Amino acid sequence: MAIELNGKSYETDEEGYLENLADWDPDIAKVMAELDDCDLSENHWEVINFLREYYEEYQIAPAVRVLTKAIGKKLGKDKGNSKYLYELYPYGPAKQACKYAGLPKPTGCV
Amino acid sequence: MATLNIVNKSPFEKRTLEQCLSRIAEGDSVLLIEDASVVAVTGTAYAELLSGCAQKLYVLSPDLAARGLTDKELLGTMTAVDYPGFVELVTEHERVHSWL
Amino acid sequence: MEDEYEGGVVKKFLYVNRRAPHGTVYALESLETVLIGAAFDQDVSVLFIDDGVFQLKKQQQPEGIEVKNFSKTFRALEMYDVEQLFVESESLAERGLSEDDLLVDVELVSRASVHELVDQQDVILSF
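Residues numbered from 1 in each chain as written. Chains lettered and ligands numbered in written order. Predicted model: local features only at pLDDT ≥ 70, side-chain atom pairs only at ≥ 80, totals over all residues. Heavy atoms only, no water.

*Asks:* Mind showing me how you'd approach the interface of chain C and chain A here?
*Replies:* Interface size is commonly expressed as the accessible surface area that is lost when the partners come together. Taken together, the contact between chain C and chain A spans 18 residues of the former and 18 residues of the latter. Surface buried jointly by chain C and chain A totals about 1,600 Å² across both partners, of which 57% is contributed by carbon and sulfur atoms. Taken together, the connections running from chain C to chain A amount to nine residue pairs in polar contact (both at pLDDT 80 or more). (Contact = heavy atoms within 4.5 Å. Buried area = accessible area lost by both parts, 1.4 Å probe. Polar contact = N/O pair within 3.5 Å; in protein donor to acceptor, adjacent residues only side chain to side chain.)

The structure is reproduced here in structure tokens:
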């Protein structure tokens, strides 16, 4: 599979995760979100940016439980909970947001 | 409490056997399989070390036979087991530690 | 994920790391398995002995050999509730290393006491 953007093609795996981390830019996230009928708001971007920083620091896409806890620490309790994150990312906050952030699927997600 | 430790590398090639022996308790057991089986018999450079072991030592006989070593005398501290014996050892111990 | 496994069986897992990173795939595979064990809410501890202590060495820069720097991931283990990282003092000393060379906080254990740690476990996974 691949994502087409500005005449360029970006390889993804069968679930739509970007093959090459370095290919990512915000426009790719937008295209991925459009494919899921998801309109990216400020709050969505906050999670995507958080995930990119997390990956940079730990070289890993966090499991949903870890993501929720870490978001709570950084952005406050009203955002660090399953309800808030699932409303933003109904397909699963770790899985869906990691995809838009260009990260691999989180380890431990089956 | 007891652990069955399984070693599959020849001590002439890798130090796994000695590394295992330095970290286990007296009540634990060691089973030599695959290339580790070559030191289950008398006359090797490891005979003294293995004869002085407080642990119960076992060797998987098909591995010994495969290497043509059944014509040698087993170390006094060594017990040969077949595949059903291997399974029995696993069930008799609380956990298995396979040293890679 | 957490809810799905609530009330499931929790076992004590000890992952034993005995190999240096990067030369073989063992260290990375072990780390991934540790994360999976933790994601399934198991009681996970990790023990570093022999060349395994090199996995926790600070300042790893494997980019030059085109390998991912997964040593950074050890710092994330605490967030996965893997808080018990044990390192054998003799293995460190033999390799000219000390606790200060390590990139995470660990608990030091002696070679003679390793079996006591093993005795507390339900499952041992060696890498």
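*Asks:* Explain the sheet that holds strand β1 (residues 12–17) of chain C here, please?
*Replies:* All names here are of chain C. What the five strands build is an open sheet, ordered β4-β3-β2-β1-β5; its pairing is parallel. Each end of this open sheet is capped by a strand with a single partner; those strands are β4 (107–109) and β5 (123–126). Averaged over all pairs of adjacent strands, the angle between strand axes in this sheet comes to 25°, irrespective of strand direction. Where strand β3 (residues 84–88) lies against β4, three bridges are found, and the strand directions are parallel. In the strand pairing of β4, V87 is matched with L108. Packing of helix α1 (residues 26–39) onto the sheet brings it into contact with β1 and β2 (43–48), and relative to β1 it is tilted by some 170°. (Pairing = 2+ DSSP bridges. Helix = DSSP H or I, 4+ residues; strand = E, 2+ residues; numbered from the N terminus. Axes fitted to C-alpha atoms, helices over the stretch in contact; angles between N-to-C directions.)

*Asks:* What is the right way to look at the sheet that holds strand β1 (residues 3–7) of chain B in this model?
*Replies:* One key point about sheets: their strands pair by backbone hydrogen bonds, in either a parallel or an antiparallel sense. Residue and element names in this part refer to chain B. Read across the sheet, five strands follow the order β4-β3-β2-β1-β5 without closing on themselves; strand pairing throughout is parallel. On the outer flanks of this sheet lie β4 (78–81) and β5 (95–99), each paired with one strand and no other. For this sheet the average axis-to-axis angle between neighbouring strands, irrespective of direction, equals 25°. In the sheet, β1 pairs with β5 via five bridges, with the strands oriented parallel. What sits directly across from I6, in β5, is S98. Across the sheet, helix α4 (residues 83–92) lies against β1, β2 (29–32), β3 (56–60), β4 and β5, angled at about 115° from β4, the strand it touches most.

*Asks:* Honestly, the interface of chain B and chain C in this entry has me stumped. Any pointers?
*Replies:* Taken together, the contact pairs 15 residues of chain B with 18 residues of chain C. Taking both sides of the interface into account, the surface hidden between chain B and chain C amounts to around 1,400 Å²; carbon and sulfur atoms contribute 47%. Where chain B meets chain C, there are three salt bridges. Across the pair E88(C) and R23(B) runs a salt bridge, and its minimum N-O distance is 2.5 Å. Summed over the shared surface of chain B and chain C, the number is eight residue pairs in polar contact (both at pLDDT 80 or more). Of the residues forming the side of chain B that touches chain C, the biggest block, five residues, is contributed by β5(B). (Salt bridge = Lys/Arg side-chain N within 4 Å of Asp/Glu carboxyl O.)

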